[in-house]
Amino acid sequence: MAGYVFISYSRRDRRYVERLASHLNHAGVRTWFDDEIPIGDRFEKVIRSKIDACAAFVVVMTPDAEESRWVHREITRAEDKGKEILPLLLAGDVFFRINDANCEAVTDARMPTAKFVDQLKALVSTGDSTPGLVKSPAPEKTWGRSIWSSPLLAIPLGIIAVAALAIPLAGKWSPRSPATTATHSPATTATSTPAVPVVTLDLATLKVLEKHKGEVRSVAFNPDSRLLASTGEDRTVRLWDVIRAEQTAQWKLGGEGYQVAFGRQGSLIAVGNANGVTLYDAVTRKKRPVAEFPQDAARTVAFSKDGKTIATGDDLKKVRLWNVFTHGEVVLTGNPGRITSVAFSPDGSTLLSADDEGFLMRWDTGSRQPIGEKIQADTYVTAVAWSPDGTFFVTAGDRIRLWNGATMIKELPGTVVTTAVAFTPGGVLVTGDDTGSVLFWDPRTGKTIYENSAEHDQPVLAVAVAPDSRTLSTASTYDTIHLRRLRDSS
């Protein structure tokens, strides 16, 4: 994966920075700036990690930027990490602390010169990846952002094969390769690896759901894959008909929504929000009576396999298990940080809880006791998910890591912050990241089998795969939910 340029700026200069980033991206220079970082309480850690991994550091200098403590913190971090600092003077004077750096004036809000852009290209092309990671070259693409993202796309592309996961990938799948129509198949011997699915994506079936205002933080399908629930910054829970791509119900929350989950039968919806957990009935379209589980903000929520227990995680570093029927509560403590994600294993025997300090706890759901010691999984963990067969789980954050118990079995390549993870029923790993990209991975080889770097223009906050394997849903910081046709031949 190519390196990127970190842009430091004052938020009052955001309009110029958005134009600058677009200009550089079109010139072939990948950029990153703190535009709507998901989950605000991780702001500082995200900034640190993005500066540490960048190939070059651009600071947009204005009087407002000079007064910004965050801009100076970012410059200090870049200096400490030995990053190449390239200042752009938009207004005011050159910062005294970096007046020895070559500065280019962009007064009157003009874009930098070709010479400046070429300098960035040279730095980015040499790459600057996090130590210990293997770079994964991006798949070849022939569709531009406007074609890929357009809901009106109706050209006869047919179904594009994302990848055949039946054998280790010797090369890369490219959307323009006519031979990549999932023709590989495993040898059927007693010792061969069990057959794994072929995933295909229909580029002509994008549907965009746009009722939310602000970040859409979570999406979830009901068990029959016909309904999608969503929640987010606008303090609403919305229910959507997946086939018609229409909203069918809406509820108002008392605080911002963080995560939504369906119960086993699909009639019950749990929503983690700023005031705790609220339950809704997907059939009657009404809030469940006496259905509040008050607590500190419930950042994450998950149902147990039998649908009788809801697990939540909060900013008080506590995991809570709630009985859906009696409202009885059990509190689990052990995570040193604020809880960011919880997940039950497919057989219901184990609960994972991850936090913003990067630690992971495993809990025996029978005894309610921890399994082993806490695991330092990352610098922070944004999401966790179990493989469909329960043989391993994945943690996401600065790294994407696969685990078997307390043992890390694989680290996937990459330098971006992964913000959302999910598995298809057949075992393909799907991730969303802070660049707006959605990637498909073969967890056995640790290689990407498809990357859509233009799924969203903003960070991806949520990824969900329908239980029938036919639909992929992604959501971002920019009001929108995307639905795409997905075929997983498991």
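Residues numbered from 1 in each chain as written. Predicted model: local features only at pLDDT ≥ 70, side-chain atom pairs only at ≥ 80, totals over all residues. Heavy atoms only, no water.

Moving on, we come to the nonpolar core. Within the largest apolar cluster, 23 residues are counted, with the highest numbers of intra-cluster contacts made by Val5, Ile7, Leu20, Val60 and Leu120. Counting residues per element, the ones that place at least two in this core are β1 (5-8), α1 (14-26), β3 (56-61), β4 (85-89) and α5 (114-126). Setting aside anything within four residues of it in sequence, one finds isoleucine 7 in contact with Val17, Leu20, Ala21, Thr31, Trp32, Phe33, Val58 and Val60. The next biggest cluster of nonpolar side chains, apart from the first, holds 21 residues, and it includes Phe6, Cys54, Phe57 and Tyr380. (Core = buried A, V, L, I, M, F, W, Y, C linked by side-chain atoms within 4.5 Å. Buried < 20%, exposed > 50% of the residue type's maximum accessible area, 1.4 Å probe, protein only. Helix = DSSP H or I, 4+ residues; strand = E, 2+ residues; numbered from the N terminus. Contact = heavy atoms within 4.5 Å.)

All right, on to the sheet that holds strand β28 (residues 407-412) then. Taken in spatial order, the four strands make up an open sheet running β25-β26-β27-β28, and their pairing is antiparallel. With one partner strand each, in any of the chains shown, β25 (381-386) and β28 form the two edges of the open sheet. Averaged over neighbouring strand pairs, the angle between their axes works out to 25° when direction is ignored. The pairing of strand β26 (residues 393-397) with strand β27 (residues 400-404) spans four bridges and is antiparallel. Counterpart to valine 394 in the pairing with β27 is leucine 402. (Pairing = 2+ DSSP bridges. Axes fitted to C-alpha atoms, helices over the stretch in contact; angles between N-to-C directions.)

To summarise the sheet geometry, strands pair through backbone hydrogen bonds and adopt either a parallel or an antiparallel arrangement. Read across the open sheet, the five strands follow the order β2-β1-β3-β4-β5; overall the sheet is parallel. Because the sheet does not close on itself, it has two edges, and the strands there are β2 (31-32) and β5 (104-105). In this sheet, β2 lies alongside β1 in parallel orientation, the contact comprising two bridges. Residue pairing across strands places valine 5 opposite threonine 31, the latter belonging to β2. Most of the contacts of helix α4 (residues 69-80) go to β3, to which it runs at about 155°, and overall it touches β1, β3 and β4.

So, about the confidence of the model for the protein. Averaged over the protein, the pLDDT score is 81; the fraction of residues at 70 or greater is 80%. Scored below 50 in pLDDT, residues 128-196 shows 121 contacts in the model against residues more than four places distant or in partner chains. (pLDDT = per-residue confidence, 0-100.)

To continue, consider α4. If you check α4, its first and last C-alpha atoms are 16 Å apart, about what 12 residues at 1.5 Å a residue would give, namely 16 Å. Every buried residue of α4 is listed here: Val71, Glu74, Ile75 and Ala78. The buried residues of α4 occupy an angular sector of 100° when projected down its axis, which confines them to one face. Those residues of α4 that are exposed and angled more than 90 degrees off the buried face are Arg69 and Asp80. N-capping of α4 is provided by serine 68, with a side-chain oxygen placed 3.3 Å from the backbone N of tryptophan 70. Count one or two residues on from α4 and you reach glycine 82, which has phi positive near 70°. (Expected span 1.5 Å × (residues − 1). Arc of directions from axis to C-beta. Polar contact = N/O pair within 3.5 Å; in protein donor to acceptor, adjacent residues only side chain to side chain.)

Taken as a whole, this structure holds 19 salt bridges when the rule is applied. For the salt bridge of glutamate 256 with arginine 217, the shortest nitrogen-to-oxygen distance reads 2.8 Å. Here glutamate 256 is found in the loop between β11 (246-252) and β12 (257-262), whereas its partner arginine 217 is found in strand β8 (residues 216-221), with 39 residues between them in sequence. The exposure class of arginine 217 is buried, given its relative accessible area of 18%. What you see here is one network of salt bridges that share partners, running through Glu215, Arg217 and Glu256. (Salt bridge = Lys/Arg side-chain N within 4 Å of Asp/Glu carboxyl O.)

Further remarks concern the packing of aromatic side chains. In total, this model carries seven aromatic pairs according to the counting rule given. Relative to phenylalanine 33, the ring of tyrosine 9 lies with its centre 5.8 Å away and its plane at 80°, an arrangement referred to as edge-to-face. One end of the pair, tyrosine 9, is in the loop between β1 and α1; the other, phenylalanine 33, is in the loop between β2 and α2 (43-53), with 24 residues separating them in the sequence. Of the residues examined, tyrosine 9 reaches a relative accessible area of 6% and is grouped as buried. In this structure phenylalanine 33 comes out as buried when scored by relative accessible area, which is 12%. Every member of this aromatic cluster is reached through a ring pair, and the members are Phe6, Trp32 and Phe57. Positioned over the ring face of tyrosine 4 is lysine 50, at 4.8 Å from the centre of the ring. Over the ring of tryptophan 70 we find arginine 73; its NZ or CZ atom is 4.8 Å from the centre of that ring. (Phe/Tyr/Trp six-rings, centres within 6.5 Å; stacked < 30°, edge-to-face > 60°. Lys NZ or Arg CZ within 6 Å of the ring centre and 35° of its normal.)

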